[in-house]
Amino acid sequence: MEAFVLGCGGMMPLPYRHLTSVLLRRDGDLFLFDGGEGTQVSLRRLNLKWKKINAIFVSHTHADHVTGLPGILMLSAQVDRTEPLYIFGPPKIAEYIETSRKVLDMYINYPIVVNEIKAPCTVYGGDGFYIRAFPLDHTKTCVGYTLEELDRPGEFNPEEAIKLKVPRGPLWGKLQKGESVINSDGEEVKPEQVVGKARSGRKFSFVTDTMYLPSIAKEVKGSDFLICEGMFADDCEDQAKEKKHMTARQAATIARDANVKRMAMIHYSPRYTDRELDLLLKQAREVYPNAELSRDRMRVEIPYED
C-alpha cells in the first residue's frame, strides 16, 4: 500500500502547491481522498493511472477540496471505462456532482454512483479491508476517513508440517484456512501447531478541515500512516479556532494520543511559504517527534509490520 500526496495546500492554490488531494493505492485499487484544484496535474506528473480510480472520498464540499473533481469525471470518459466510479461524501456532494455534469454538459459513458453519508459509518469495503467515515467539526458538515485492513492469517510453517507428517498438498491448504487435518499416522494436527499468530493489517487515516477534537485520536488510533491537517502555527490558534481548523501542534497531539506510526501534515495556510513551513514542523515535533510535512507529489510506502 502506498499514498501519494497530490496537493497539500489549503484555501487557494499556489504556483508550488496544489490544493488538498491524496491518492491511496492498495493491491491494484486506487482511492482518491478529496480532489482540490491541481489534482490532475499531479496525477499526470506521477504517471498514476487516474482512469483506474475505484472510489472518491470527499471530506466536505468547500471549493478547495472538490474543484478538481469535474476534470477527473470528464477525463475518465475519454477511455474505455465500464466499471462504476463510486463517490462518497457528506450532504451536498450529490448536488455538486449532478450540477457540474449538467452545467458543463459532461459526456459521461460509465456509471457514477454517488452516496451521501452520515458519519460515523462504514462506507466502502473489499477483500480484506473496509473504509470508515467519522464526524469532524468544521464550518460545514465534514468527515474524516480510515482505511483499515482485517488481520491476516499467521505464517504457515512448512517444516513443522512435514515434521508432523502432514503431506504436502490440499491438507496444507486446509491448515492455512484454520481447519484441523489427519496426518499420515492417523493423528489429528491442529492449525495452531503449524500456523503462527494472526498478523495485523495496515491502517491509513485522512483528516482535514476540522477544529481539534479528542475523539479524532480514537478514530485514527494505531494508524500506520495518518494524513492530518496542520494549517496554522501557534500564534494563529485563535484564528484556527474561529475558522474551525487546527494548528500543527494540535495535529501532533492527535498523532501522539493515537499512537500512530507515522504522521504527515497537510492543508497548509497559503500565508506560509514552503520555507516557512519549517515553523509548523518545529512546533509539531515538540509534541510528536516523528511529525513530517507532506509535499506535493510526495510518495509514502505503507508496509506491513513484520
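Quantities reported herein were computed from a predicted structural model and do not represent experimental measurements. Positions within a chain are numbered from 1, following the residues in the order the chain's sequence is written. The predicted origin of the model limits local features to residues at a pLDDT of at least 70 and limits the giving and counting of side-chain atom pairs to 80 or more, whereas totals for whole chains, interfaces and linings rest on all residues. Hydrogens and water molecules were not included; the side-chain quantities draw on all heavy atoms of the structure.

### Topic: the pattern of salt bridges
Part 1 of the reasoning: The rule for a salt bridge is simple: a side-chain nitrogen of Lys or Arg has to be within 4 Å of a carboxyl oxygen of Asp or Glu. What the rule picks out here adds up to 19 salt bridges.
Part 2 of the reasoning: Linking Glu2 and Arg299 is a salt bridge whose minimum nitrogen-to-oxygen distance equals 2.6 Å. One end of the pair, Glu2, is in strand 1 (residues 2–7); the other, Arg299, is in strand 16 (residues 298–301), and 297 residues separate them in sequence.
Part 3 of the reasoning: Categorising residues by exposure relies on relative accessible area from a 1.4 Å probe, with only protein chains included: less than 20% of the type maximum marks a residue as buried, more than 50% marks it as exposed, and the intermediate range marks it as partly exposed. Judged by its relative accessible area of 13%, Glu2 is buried. The secondary structure listing takes helices from DSSP runs of H or I that are at least 4 residues long and strands from runs of E that are at least 2 residues long, numbered from the N terminus.

### Remarks on the nonpolar core
Part 1 of the reasoning: Here, nonpolar core means buried Ala, Val, Leu, Ile, Met, Phe, Trp, Tyr and Cys residues that are tied together by side-chain atoms lying within 4.5 Å of each other. Judged by nonpolar contacts, the single largest core of 64 residues is most densely connected at Phe57, Tyr145, Phe204 and Met263.
Part 2 of the reasoning: Once you skip the residues sitting within four places of it in the chain, Met263 turns out to touch Phe225, Leu226, Cys228, Ala251, Ala252, Ala255, Tyr288, Asn290, Ala291 and Glu292.
Part 3 of the reasoning: Counting residues in each nonpolar core, the second largest holds 25 residues, with Leu30, Val79, Ile93 and Met106 among its members. By definition, residues are in contact when any of their heavy atoms lie within 4.5 Å.

### With respect to the packing of aromatic side chains
Part 1 of the reasoning: A pair of Phe, Tyr and Trp rings is counted when the ring centres sit within 6.5 Å of each other, with Trp represented by its six-membered ring. The angle between the planes then sorts it: under 30 degrees is stacked, over 60 is edge-to-face, the rest tilted. Scanning the model with the defined rule gives 16 aromatic pairs in all.
Part 2 of the reasoning: For the ring pair Phe33 and Phe204, a centre distance of 5.4 Å and an interplane angle of 55° mean the geometry is tilted. Of this pair, Phe33 sits in strand 3 (residues 29–33) while Phe204 is found in strand 12 (residues 203–207), placing the two residues 171 residues apart along the sequence. Neither Phe33 nor Phe204 differs from the other in exposure class; each is buried.
Part 3 of the reasoning: Pairing Tyr86 with Phe88 gives two aromatic rings, centres 6.5 Å apart and planes at 20°, and the pair type is stacked.
Part 4 of the reasoning: The exposure class of Phe88 is buried, given its relative accessible area of 5%.

### A look at the state of the cysteines
Part 1 of the reasoning: Only a pair of cysteine sulfur atoms within 2.5 Å qualifies as a disulfide here. In total, this model carries zero disulfides according to the counting rule given.
Part 2 of the reasoning: Free cysteine Cys8: the closest other cysteine sulfur is in Cys228, separated by 14 Å.

### Things to note about the sheet that holds strand 8 (residues 129–135)
Within a sheet, adjacent strands bond to each other through the backbone by hydrogen bonds, running parallel or antiparallel.
Part 1 of the reasoning: Strands pair, by our definition, only if DSSP identifies at least two bridges between them. As summarised here, the arrangement of the seven strands in space is 7-8-9-12-13-14-15, forming an open sheet in which the pairing is mixed. Edge positions in the sheet fall to strand 7 (121–126) and strand 15 (291–293), since each of these pairs with one other strand and no more. Strand-to-strand twist across the sheet, computed as the mean angle between neighbouring axes with direction ignored, equals 20°.
Part 2 of the reasoning: Pairing of strand 12 with strand 13 (residues 225–229), which is carried by four bridges, proceeds in the parallel orientation. Directly across from Val207, in strand 13, lies its bridge partner Cys228.
Part 3 of the reasoning: Relative to the sheet, helix 10 (residues 277–285) contacts strand 14 (263–266) and strand 15, its axis offset from that of strand 15 by approximately 170°. Axis angles are defined between N-to-C directions and span 0 to 180 degrees, where every axis is a line fitted to C-alpha atoms and, for a helix, only to the segment in contact.

### Thoughts on the environment of Gln78
Part 1 of the reasoning: Relative to the assigned elements, Gln78 resides in the loop between helix 3 (69–76) and strand 5 (85–89).
Part 2 of the reasoning: For Gln78, a relative accessible area of 60% corresponds to the exposed category.
Part 3 of the reasoning: Separated by 223 residues in the primary sequence, Gln78 and Glu301 have C-alpha atoms spaced 30 Å apart.

### Quick word on the sheet that holds strand 4 (residues 53–57)
Part 1 of the reasoning: Strands sit in the order 6-5-4-3-2-1-16 across an open sheet of seven strands; the sheet is mixed. Of all the strands in the sheet, the pair left with one neighbour each is strand 6 (112–116) and strand 16. The average undirected angle you get between the axes of adjacent strands in this sheet is 20°.
Part 2 of the reasoning: Where helix 4 (residues 93–103) meets the sheet, it contacts strand 5 and strand 6, and its direction lies at approximately 150° from that of strand 6.

### Quick word on helix 4
Part 1 of the reasoning: Taken residue by residue, helix 4 has Ile93, Ile97 and Ser100 as its buried positions. Buried residues of helix 4 fall within an arc of 65° about the axis and therefore sit on the same side. Residues of helix 4 that are exposed and angled more than 90 degrees away from the buried face: Lys102 and Val103.
Part 2 of the reasoning: Packing partners of the buried residues in helix 4 comprise helix 3, strand 5 and strand 6.
Part 3 of the reasoning: Phi turns positive, to about 50°, at Asp105, one or two residues after helix 4. The arc in question is traced by the directions running from the helix axis to the C-beta atoms.

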